[in-house]
Amino acid sequence: MNLRLARAGHITAISPRAQVHHAYAASARRKSDRTVTDLSEIGASVMYFLRRHAPEHAHGPRLNEVMLEQKMRVFDQLRARKLQKRDVEPLLTGLRRGIDEGKSREFAKLETASAPQEAFLRFDPLRRGAVSIAGRIWQAKRLRQAARAQVAEGKTVSLFLFGPSPRYHKVSYQDGIWEQNGGLFGRSLRKGPLLQLKSFAQRLRQERARVAPLRGLNKE
């Protein structure tokens with residue numbers, strides 16, 4: 001969308017602190033635990049995008065980067081025992097096959113974006129005020145009710161729910177509430193340590209400080 005707007009001469013906005021949270025589900029390309037099952041469409045999509053939007057001299061370097069990124073992804077899952085050695089070569093062969101397919105994929109015709117029916121509303125979450133609520137996972141029902149009450153007063157809520165385990169953290173957003181739940185000792189970032197031996201107060205302080213600049217929370 002940004003490429004199309006820029007091509008039409010419109011000014012687009014950049015928000016350096018913006019975050020996009022992608023939900024995911026099992027598909028023909030990955031399992032529900034994100035184990036990769038096919039890389040061909042990634043190769044085809046990258047090649048298609050390069051042909052459409054990048055100068056030809058940039059194709060080779062970017063394809064090399066993609067090959068390396070996907071190899072590392074496959075080998076990381078191999079080390080994590082999500083994949084077996086026999087899976088590696090078929091996956092990488094599929095990636096190369098997809099790149100070749102993308103070289104001849106026909107360009108889809110892009111429809112002209114129609115004029116909006118009404119002006120965009122201003123989005124300014126910090127104006128509403130931001131608060132955080134935290135507790136143990138078994139207090140979830142009560143704390144979610146408290147979070148909804150804060151939203152009804154015009155606040156944006158960051159809700160932290162921790163349990164006594166190394167379970168990975170999950171983040172969701174709905175109706176003004178950012179909910180982060182997981183194990184007190186678990187990983188909250190993909191590249192973070194698997195175990196974090198911290199007290200409840202220490203872990204809450206760490207996670208709250210990490211998201212505070214993004215959500216307008218006061219630093220504590």
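Residues numbered from 1 in each chain as written. Predicted model: local features only at pLDDT ≥ 70, side-chain atom pairs only at ≥ 80, totals over all residues. Heavy atoms only, no water.

## Some thoughts on the sheet that holds strand S4 (residues 177-183)
Operational definition: Being paired, for any two strands, means DSSP has found at least two bridges between them. Segments assigned H or I by DSSP are reported as helices when at least four residues long, segments assigned E as strands when at least two residues long, and all are numbered from the N terminus. Every axis in this analysis is a line fitted to C-alpha atoms, fitted for helices over the stretch in contact. Angles between the N-to-C directions lie between 0 and 180 degrees. Residues are treated as being in contact if the distance between any of their heavy atoms lies within 4.5 Å.
Spatially, the 4 strands line up as an open sheet ordered S1-S2-S4-S3, and their pairing is mixed. Looking along the sheet, the strands with just one partner apiece sit at the ends: strand S1 (130-136) and strand S3 (170-174). Along the sheet, successive strands turn relative to each other by an average axial angle of 15°, direction set aside. The sheet strands contacting helix H6 (residues 140-152) are S1, strand S2 (156-163) and S4, and the helix crosses S1 at an angle near 170°. Sheet strands touched by helix H7 (residues 200-215): S1, S2, S3 and S4. Its angle to S2, the strand with the most contacts, is close to 150°.

## So, the environment of Gln 180
Inclusion rule: Exposure categories follow from relative accessible area, calculated using a 1.4 Å probe and restricted to protein chains: below 20% of the type maximum is buried, above 50% is exposed, and the middle band is partly exposed.
Relative to the helices and strands, Gln 180 resides in strand S4. A relative accessible area of 1% places Gln 180 in the buried class. For the pair Gln 180 and His 21, spaced 159 residues apart in the sequence, the C-alpha separation amounts to 12 Å. Setting aside chain neighbours within four positions, we find Gln 180 in contact with Leu 159, Phe 160, Leu 161, Phe 162, His 169, Lys 170, Val 171, Ser 188, Glu 207 and Arg 210.

## A look at a nonpolar patch on the surface
Here is the rule: Within this analysis, patches are made of residues with over 30% relative accessible area and no salt bridge. Like charges are joined at 9 Å or less; nonpolar side chains (Val, Leu, Ile, Met, Phe, Trp, Tyr) at 5 Å or less. Using a 1.4 Å probe, accessible areas were evaluated by the Shrake-Rupley method; residue-level cover was limited to the displayed protein chains. The rule for a salt bridge is simple: a side-chain nitrogen of Lys or Arg has to be within 4 Å of a carboxyl oxygen of Asp or Glu.
A contiguous nonpolar surface patch, about 470 Å² in accessible area, is contributed by Tyr 168, Leu 194, Leu 195 and Leu 197. Within the element layout of this structure, Leu 195 appears in the loop between S4 and H7. For Leu 195, a relative accessible area of 54% gives the class exposed.

## So, the side chain of His 169
Our working definition: Here a polar contact is recorded for every N or O atom pair within 3.5 Å, except that within protein the pair must consist of a potential hydrogen donor and a potential acceptor, and residues adjacent in sequence are included only if both atoms are side-chain atoms.
Here His 169 is to be found in the loop between S2 and S3. Within the local environment of His 169, its side chain forms a polar contact with the side chain of Gln 180, the two groups lying 2.9 Å apart. In contact with His 169, other than residues within four places in its own chain, are Phe 162, Gln 180, Asn 181, Gly 182, Gly 183, Gly 186, Arg 187, Ser 188 and Arg 203.

## What about the packing of helix H2 (residues 40-53) against helix H4 (residues 85-102)?
Quick note on the threshold: Two helices that cross are described as forming a left-handed crossing if the nearer one is turned anticlockwise from the farther one by less than a right angle, and a right-handed crossing if clockwise. Charged means Asp, Glu, Lys or Arg here, nonpolar means Ala, Val, Leu, Ile, Met, Phe, Trp, Tyr, Cys or Pro, and polar covers whatever is left, Gly included.
Between H2 and H4, the shortest axis-to-axis distance is 6 Å and the interhelical angle comes to 35°. Crossing of H2 over H4 shows right-handed handedness. Between H2 and H4, the contacting residues are Ser 40, Ile 42, Gly 43, Ala 44, Met 47, Tyr 48 and Arg 51 on the first element and Gly 94, Leu 95, Arg 97, Gly 98, Ile 99, Glu 101 and Gly 102 on the second. Grouping the amino acids of the contact of H2 with H4 by side-chain chemistry returns 6 nonpolar, 5 polar and 3 charged.

## Re the pattern of salt bridges
Scanning the model with the defined rule gives 10 salt bridges in all. Between Arg 62 and Glu 69 there is a salt bridge, and its shortest N-O distance comes to 3.3 Å. With relative accessibility at 40%, the residue Glu 69 sits in the partly exposed group. Each of the salt bridges in this network shares a partner with another, and the network as a whole consists of Glu 41, Glu 101 and Arg 105.

## A look at the nonpolar core
Worth spelling out the cut-off: Residue types Ala, Val, Leu, Ile, Met, Phe, Trp, Tyr and Cys, when buried and joined through side-chain atoms within 4.5 Å, form a set referred to as a nonpolar core.
Ranked by internal contacts, the top residues of the largest apolar core, which has 15 residues, are Val 36, Leu 39, Leu 63, Val 74 and Leu 91. Elements supplying a minimum of two residues to this core: H2, helix H3 (59-79) and H4. If one sorts the elements of this core by residue count, H4 sits on top with 5 residues. Leaving out residues up to four positions away in the same chain, Val 74 has contacts with Val 36, Leu 39, Leu 83, Val 88, Leu 91 and Leu 92. In terms of nonpolar packing, the next biggest core, distinct from the first, is built from 8 residues, Leu 143, Val 157, Leu 159 and Ile 177 among them.

## Quick look at the environment of Asp 175
The residue Asp 175 is located in the loop between S3 and S4 in this model. When its relative accessible area of 60% is taken as the criterion, Asp 175 is described as exposed. For the pair Asp 175 and Phe 75, spaced 100 residues apart in the sequence, the C-alpha separation amounts to 39 Å.

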